[in-house]
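So the chains spell out like this:
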Amino acid sequence: MFEIKWTEVAQEAYDQLKKDAEAKLVARKRKAKSKSTSAEGLFKQVKRTIDQLANNPKHPDLNTHEYTSLDHPYEKKGKVFEAYAQNLTPGAYRVFWCYGPDKNQITVIAITPTHS
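Calculation criteria
- Residues numbered from 1 in each chain as written.
- Predicted model: local features only at pLDDT ≥ 70, side-chain atom pairs only at ≥ 80, totals over all residues.
- Heavy atoms only, no water.
- Pairing = 2+ DSSP bridges.
- Helix = DSSP H or I, 4+ residues; strand = E, 2+ residues; numbered from the N terminus.
- Contact = heavy atoms within 4.5 Å.
- Axes fitted to C-alpha atoms, helices over the stretch in contact; angles between N-to-C directions.
- Parallel < 35°, antiparallel > 145°, perpendicular 65-115°, else oblique.
- Left-handed = near helix turned anticlockwise from the far one by under 90°.
- Nonpolar A, V, L, I, M, F, W, Y, C, P; charged D, E, K, R; others polar.
- Core = buried A, V, L, I, M, F, W, Y, C linked by side-chain atoms within 4.5 Å.
- Buried < 20%, exposed > 50% of the residue type's maximum accessible area, 1.4 Å probe, protein only.
- Phe/Tyr/Trp six-rings, centres within 6.5 Å; stacked < 30°, edge-to-face > 60°.
- Lys NZ or Arg CZ within 6 Å of the ring centre and 35° of its normal.

### Section: the sheet that holds strand E2 (residues 65-66)
Move 1: Spatial ordering of the open sheet is given by E1-E5-E4-E3-E2, a layout of 5 strands whose pairing is mixed. A single partner strand is all that each edge strand has here, and the edge strands are strand E1 (3-6) and E2.
Move 2: Pairing analysis gives 4 bridges linking E1 to strand E5 (residues 105-113), with the strands arranged parallel. Paired with Glu3 across the two strands is Gln105, which belongs to E5.
Move 3: Lying on the sheet, helix H1 (residues 8-30) is in contact with E1, strand E4 (93-99) and E5; it crosses E5 at an angle near 60°.

So, in structure tokens, the structure goes:
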């Protein structure tokens, strides 16, 4: 299992998604609605992606592949990877990550929607 580390940008994105989901949950419960909102679903998907990364970054559901447009934060020639939090969705969210800085650690670099 890997310990998850965060860049400041990734932590802020994750925290904002969580905050939005929690606010929508409170509003939904206040209105006695049972169907989850898109903000709640998005956070659940991103959280599941992070959990899967910690357990097995090569899990097939993540569709993990190398991503060359971001720099590795620790090693000049280190590889950065992209994992799918969503798929076949306009503006689908992706989690960008790398191994490190230490053994058995993964750093989440960014959490962002794709641009269609």
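### As for the packing of H1 against helix H2 (residues 38-55)
Move 1: The contact between H1 and H2 brings their axes to 8 Å, and the two run at 140°. With respect to H2, the axis of H1 lies oblique. Crossing handedness for the pair H1 and H2: left-handed. Mapping the contact onto sequence places Tyr14, Leu17, Lys18, Asp20, Ala21, Lys24, Leu25 and Arg28 in H1 and Ala39, Glu40, Leu42, Phe43, Val46, Lys47 and Ile50 in H2.
Move 2: Here the contact of H1 with H2 is built from residues that sort into 9 nonpolar, no polar and 6 charged.

### Quick word on the nonpolar core
Move 1: Grouped together as the largest cluster of nonpolar side chains are 21 residues, with contacts concentrated most on Val46 and Ile111.
Move 2: For this core, the secondary-structure elements that each account for two or more residues are H1, H2, strand E3 (81-84), E4 and E5.
Move 3: Broken down by element, this core gets its largest block of residues, 6 residues, from H2.
Move 4: Every residue in contact with Ile111, bar those within four places of it in the chain, is listed here: Trp6, Ala10, Ala13, Tyr14, Leu17, Val46, Tyr93, Arg94 and Val95.
Move 5: If you look at the next biggest cluster of nonpolar residues, it comprises 5 residues, including Val80, Cys98, Ile109 and Ala110.

### Let's talk about the packing of aromatic side chains
Aromatic rings considered in pairs are described by the distance between their centres and by the relative angle of their planes.
Move 1: Under the counting rule described, the total for this entry stands at 7 aromatic pairs.
Move 2: Between Tyr67 and Phe96 the ring centres are 4.6 Å apart and the planes differ by 55°, which places this aromatic pair in the tilted class. Here Phe96 lies in strand E4 and Tyr67 lies in the loop between E2 and E3, a separation of 29 residues in the sequence.
Move 3: Overall, Tyr67 belongs to the partly exposed group, its relative accessible area being 27%.
Move 4: On the basis of relative accessibility, which here comes to 6%, the residue Phe96 falls in the buried class.
Move 5: Aromatic rings pair up to connect Phe2, Phe81, Trp97 and Tyr99 into one cluster.
Move 6: Seen from the ring of Tyr84, Arg94 lies directly overhead, with NZ or CZ sitting 3.6 Å from the centre.

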